[in-house]
Amino acid sequence: MEKGKIEEYAKHHTTDHSEIIKELISVSEKNLEHTDMLSGRLVGRLLGLLIKMSGAKRVLEVGTFTGFSALTMAEALPDGGELFTCEYNERYEDIARTFFKKSEAGSKVRLLMGKALETIPTISGSFDFVFLDADKINYPNYYEMILPRLEQGGIMVIDNVFWSGEVLDSESDKARAIDELNKMIRNDNFVEQVMLPVRDGVTVLRKK
Ligand SMILES: C[S@@+](CC[C@H](N)C(=O)[O-])C[C@H]1O[C@@H](n2cnc3c(N)ncnc32)[C@H](O)[C@@H]1O
């Protein structure tokens, strides 16, 4: 079975993006490089469904890029829901802010510019849903910082936990950091988790 073909098949049988998200993807692709950073339809829909099924209301995202996953999650949030999203690269800010303004769900989004390890402590209160998708080198630091602020029964989703398979030999610093986080989660008695072979690997965990 070819991975590329079966992934296309999975995407084809997964709910499509909203029109505004399609526009965001197209504008990102026209104006920027590295648009493979967009987490894509499978991860986006997984996030949206988990938010709807869990009834999450207060979401933290680490790693906004141009706002694809932030807006996808905001669309799934109920009225009154709030999503804080952290980004430090000003090159991506314009597109993200434009689409947060343009879409109805965007009013639930608060974009925090700056290094996430510095901006997360400025947000008060706890979260019931977290999506971790920023600098891989800091994955273990984000986990240690955020888990105490995740409510009991809250969900955390972590993207790129395979790092294109490099976690198997952990030769680069990023792969080592991701592998370290994967091991921390496996050994953490306060959480239960599943590592899904979706795209580049996605861990979904629940705080007990
Ligand atoms: C993989 S992309 C996020 C993709 C986004 N979640 C999506 O699905 O469209 C990772 C983002 O994290 C940002 N980032 C990297 N290091 C960061 C840091 N220390 N603080 C805040 N953002 C950071 C990058 O600039 C990049 O836009």
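No experiment lies behind these values; they were computed from the predicted model shown.

S.K.: Is there a simple way to think about the pairing of strand β5 (residues 150-159) in this case?
M.R.: Every other side chain in a regular strand lies on the same face of the sheet, so the side chains alternate between the two faces. Burial analysis of β5 places 7 of its 10 residues in the buried class, the great majority of the element. Of the strand pairs in this sheet, strand β4 (residues 127-132) and β5 are connected by 5 bridges, and their pairing is parallel. Note that in β5 the partner of Phe129 across the bridge is Ile155. Summarising the sheet, β5 and strand β7 (residues 202-207) pair through 5 bridges and their orientation is antiparallel. Bridge assignment links Met156 to a residue of β7, and that residue is Leu205.

S.K.: Help me out: how do you make sense of the nonpolar core in this one?
M.R.: Nonpolar side chains tend to gather and get buried jointly when the protein is soluble and globular. Counting residues in hydrophobic clusters, the biggest one holds 35 residues, and the most contacted among them are Ile51, Met73, Phe129 and Val157. If one sorts the elements of this core by residue count, helix α4 (residues 68-76) sits on top with 6 residues. Each residue touching Phe129, except ones within four places of it in the same chain, is listed here: Leu47, Leu50, Ile51, Ser54, Ala56, Arg58, Val59, Leu60, Met73, Leu150, Ile155 and Val157. Residues Leu60, Ile120, Tyr142 and Ile146 belong to the second largest nonpolar core, which totals 27 residues.

S.K.: Help me understand the pairing of strand β3 (residues 109-113) in this model?
M.R.: Alignment of strand β2 (residues 82-87) against β3, held across 5 bridges, turns out to be parallel. Following the sheet pairing, Thr85 is matched in β3 by Leu111. Between the parallel pair β2 and β3, the chain is carried across by helix α5 (residues 93-102), and the sense of this crossover is right-handed.

S.K.: What is the right way to look at the layout of surface pockets in this model?
M.R.: Empty space left among the atoms is revealed by rolling a probe the size of a water molecule over them. In this structure, the largest pocket occupies an estimated 840 Å³ of space. Forming the walls of the largest pocket are 32 residues, and the residues nearest its centre are Met37, Asp133, Ala134, Asp135 and Lys136. In terms of residue class, the lining of the largest pocket is built from 13 nonpolar, 10 polar and 9 charged. In this structure, the second largest pocket spans a volume of roughly 300 Å³. The wall of the second largest pocket is formed by 13 residues, among which Lys11, Leu38, Ser39, Gly40 and Arg41 lie closest to the centre. Looking at the lining of the second largest pocket, the elements that each hand over two or more residues are α2 (19-31) and α3 (40-54). In terms of residue count, α3 provides more of the lining of the second largest pocket than any other element does, 3 residues in total. Along the lines of polarity and charge, the residues of the lining of the second largest pocket split into 4 nonpolar, 4 polar and 5 charged.

S.K.: Teacher, can you tell me more about the packing of aromatic side chains here?
M.R.: Aromatic ring pairs are described here by two measures, namely the spacing of the ring centres and the angle between the planes. For the coordinates displayed, the defined rule picks out 2 aromatic pairs. With a centroid separation of 4.6 Å and 75° between ring planes, the pair formed by Phe65 and Tyr92 is classed as edge-to-face. Linking Phe65 in the loop between β1 (58-62) and α4 with Tyr92 in the loop between β2 and α5, this pair joins segments that are 27 residues apart in sequence. Both residues of the pair, Phe65 and Tyr92, belong to the buried class. Ring centres of Phe84 and Phe127 lie 6.4 Å apart, and the angle between their planes is 70°; on these two criteria the pair is classed as edge-to-face. Of the two residues, Phe84 is situated in strand β2 and Phe127 in strand β4; the sequence distance between them amounts to 43 residues. Judged by its relative accessible area of 9%, Phe84 falls in the buried class.

Rules and cut-offs
Positions within a chain are numbered from 1, following the residues in the order the chain's sequence is written. At least 70 in pLDDT is required for a residue's local features to be given in this predicted model, at least 80 for side-chain atom pairs to be given and counted, and no such filter applies to totals for whole chains, interfaces and linings, which use all residues. Hydrogens and water molecules were not included; the side-chain quantities draw on all heavy atoms of the structure. Burial classes: relative accessible area under 20% of the type maximum marks a residue as buried, over 50% as exposed, and values in between as partly exposed (1.4 Å probe, protein chains only). In DSSP terms, a helix is any run of H or I states spanning at least four residues, a strand is any run of E spanning at least two, and both are numbered starting from the N terminus. Strands pair, by our definition, only if DSSP identifies at least two bridges between them. As used here, the term nonpolar core means buried Ala, Val, Leu, Ile, Met, Phe, Trp, Tyr and Cys residues forming a set that is joined through side-chain atoms within 4.5 Å. A contact between two residues is defined here by any heavy atoms of the two lying within 4.5 Å. A clockwise path from the first strand over the helix to the second, with the strands pointing away from the viewer, defines a right-handed crossover. Of the grid points, spaced at 1 Å and generated over the protein atoms alone, those admitting a 1.4 Å probe that cannot get out make up cavities, while open sets with protein on both sides within 12 Å along at least five of seven lines make up pockets; any residue with an atom within 4 Å of a point is treated as lining. Grid points are joined across faces, edges and corners, and a volume is the space filled by probe spheres set on the points. Each residue gets one of three labels, nonpolar for Ala, Val, Leu, Ile, Met, Phe, Trp, Tyr, Cys and Pro, charged for Asp, Glu, Lys and Arg, and polar for the others, Gly among them. Pairing of aromatic rings covers Phe, Tyr and Trp, the last through its six-membered ring, and needs centres within 6.5 Å; plane angles under 30 degrees mean stacked, over 60 mean edge-to-face, and all others mean tilted.

None of this, on its own, says anything about what the molecule does.
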